Amino acid sequence: MLWRHVALVALGGAIGSASRYLLAGAVHHVAPSTFPYGTFVVNVMGCLAFGLLAGVSEERALVLPPVRVFLLVGILGGFTTFSSFTYETFSLMRDGQAGAAFANAAGQVLAGFAALWAGYVLTRIG
C-alpha cells in the first residue's frame, strides 16, 4: 500500500508541477513584471482547490484515501506546497489552537526566509 501511495504522489506531483509551470508562465505573459503575480495566482488557486477537496473529503467522505493522496499530496503538493501549509495552519485555528497556528505561520515564513538567506550567503563565502 505504501508504494502505491508513493506512485500516486509521484504521478500527481508531475501533473501538479507541470500545471504550476504552465499557469505561472501564462500569468507572467499578461501581468507586469513588477510583482511575482504568477506565484501569487498559483498559491491562491492551490489554496482554493485544496480547501474544496479537503472540505468534500472530510465533510462528505466522498473521496477515497488513495484518491485523496493523489489529489491533495500529489497534484496539489506539486502545484504548490503553500496550500498544504495554509491548510495545516487553518486546521490548527479550526481546532482552537490559535497559538500553534500563529507559531506555524510565523515560524515557517521567518525560518524559511532565514534559511534561504543563509543558503544564499553561503554561496558568496570564499
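As a reminder, the structure under discussion sits directly above these lines.
Only a predicted model underlies this, so the values are computations on that prediction, with no experimental measurement involved. (Residues numbered from 1 in each chain as written. Predicted model: local features only at pLDDT ≥ 70, side-chain atom pairs only at ≥ 80, totals over all residues. Heavy atoms only, no water.)

A. Here's a closer look at the pattern of salt bridges. Counting across every chain of the model gives 1 salt bridge. With its nearest N and O atoms 3.3 Å apart, the salt bridge here joins Arg94 to Asp95. (Salt bridge = Lys/Arg side-chain N within 4 Å of Asp/Glu carboxyl O.)

B. Fine view of a nonpolar patch on the surface. Residues Phe35, Tyr37, Phe40 and Val44 make up a contiguous nonpolar surface patch of roughly 370 Å² in combined accessible area. For Tyr37, the location among the structural elements is in helix α2 (residues 37-59). Classification of Tyr37 as partly exposed rests on a relative accessible area of 32%. (Patch = residues over 30% accessible without salt bridge, like charges linked within 9 Å, V, L, I, M, F, W, Y side chains within 5 Å. Areas by Shrake-Rupley, 256 points an atom, 1.4 Å probe, with all protein chains shown as cover. Helix = DSSP H or I, 4+ residues; strand = E, 2+ residues; numbered from the N terminus. Buried < 20%, exposed > 50% of the residue type's maximum accessible area, 1.4 Å probe, protein only.)

C. Just the packing of helix α1 (residues 2-30) against helix α3 (residues 65-79), in detail. The contact between α1 and α3 brings their axes to 6 Å, and the two run at 35 degrees. Where α1 crosses over α3, the two elements pack in a sense that is right-handed. In this structure, α1 contributes His5, Leu8, Val9, Leu11, Gly12, Gly13, Ile15, Gly16, Ser17, Ser19, Arg20 and Leu23 to the contact, and α3 contributes Pro66, Val69, Phe70, Val73, Gly74, Ile75, Gly78 and Phe79. Of the residues contributing to the contact of α1 with α3, the split by class is 11 nonpolar, 8 polar and 1 charged. (Axes fitted to C-alpha atoms, helices over the stretch in contact; angles between N-to-C directions. Left-handed = near helix turned anticlockwise from the far one by under 90°. Contact = heavy atoms within 4.5 Å. Nonpolar A, V, L, I, M, F, W, Y, C, P; charged D, E, K, R; others polar.)

D. Molecular detail of α2. Under the 1.5 Å per step criterion, the end-to-end length of α2 is 32 Å for 23 residues, consistent within 8% with the ideal 33 Å. Taken residue by residue, α2 has Gly38, Val42, Asn43, Gly46, Phe50, Ala54 and Ser57 as its buried positions. The inward-facing, buried residues of α2 contact α1, α3 and α4 (82-94). Where α2 terminates, the next one or two residues include Ala61, which has phi positive at roughly 50 degrees. (Expected span 1.5 Å × (residues − 1).)

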